[in-house]
Amino acid sequence: CVIFTMQILPIEVNAQNVKSGYFFEKIPGRNLMNAAFSNDFNYIGLPGLTSIDFKANTNGISADKLFFPHGTEVVTLLHPSVSADKVANLKENNRIGVGLNHTVAGFGIRHKNESYTSVSISHKTESNTFLPKSLFELAKKLETNTYNLAGSRTNSYSYIDLAIGHSRKINENLRIGANLNVL
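About the thresholds
Residues numbered from 1 in each chain as written. Predicted model: local features only at pLDDT ≥ 70, side-chain atom pairs only at ≥ 80, totals over all residues. Heavy atoms only, no water. Pairing = 2+ DSSP bridges. Helix = DSSP H or I, 4+ residues; strand = E, 2+ residues; numbered from the N terminus. Phe/Tyr/Trp six-rings, centres within 6.5 Å; stacked < 30°, edge-to-face > 60°. Buried < 20%, exposed > 50% of the residue type's maximum accessible area, 1.4 Å probe, protein only. Lys NZ or Arg CZ within 6 Å of the ring centre and 35° of its normal.

## Comments concerning the pairing of strand β6 (residues 116-132)
Here comes step 1: In the sheet, strand β5 (residues 93-110) pairs with β6 via 17 bridges, with the strands oriented antiparallel. Paired with Arg95 across the two strands is Phe130, which belongs to β6.
Here comes step 2: Bridging between β6 and strand β7 (residues 153-171) involves 15 bridges; their strand directions are antiparallel. If you follow Ile121 over to β7, its bridge partner there is Leu162.

## A word on the packing of aromatic side chains
Here comes step 1: Taken as a whole, this structure holds one aromatic pair when the rule is applied.
Here comes step 2: A ring pair is formed by Tyr157 and Tyr159, whose centres lie 6.1 Å apart and whose planes are at 20°; its orientation type is stacked.
Here comes step 3: Judged by relative accessible area, Tyr157 falls into the partly exposed class, the value being 44%.
Here comes step 4: Against the face of Phe130 rests Arg153, its NZ or CZ located 3.9 Å from the ring centre.

Here it is as structure tokens:
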């Protein structure tokens, strides 16, 4: 599953997550994406029945650079039938990342004055692994040589997020809102 995702997402996107629910007006908890959003209804998000957002990304290392056809089989870059020249298709610094955002519980309340209040608890985690091209060269060639593996590293973080939000309709064309997040 991750390999397929890496193949269709071979570019790096920073600073923003994909939020397809942003444009669906009837999704409970969409105000977590934009604090000014509100729903026409109240909602309660119970553990196990709330949103889960999984992401996988890379800066260019994709399945077509790691897996190759060999007869009726698919083999990895390290297979003897794959030319060592294929390593040249990799970037100097390769990154593979995965993340999970799970809203554990939450609720939203619409007030009579058209304001909206929400509270949610989420668990967020992300991990990135950085693999230099020289690591793949070492694994493929297994020759006595000098390989710079200084860029090899993994970083991960995980935290619980308590979000309290409120939005208010100012006029027909303007609604403002804010979320306070406690990590």
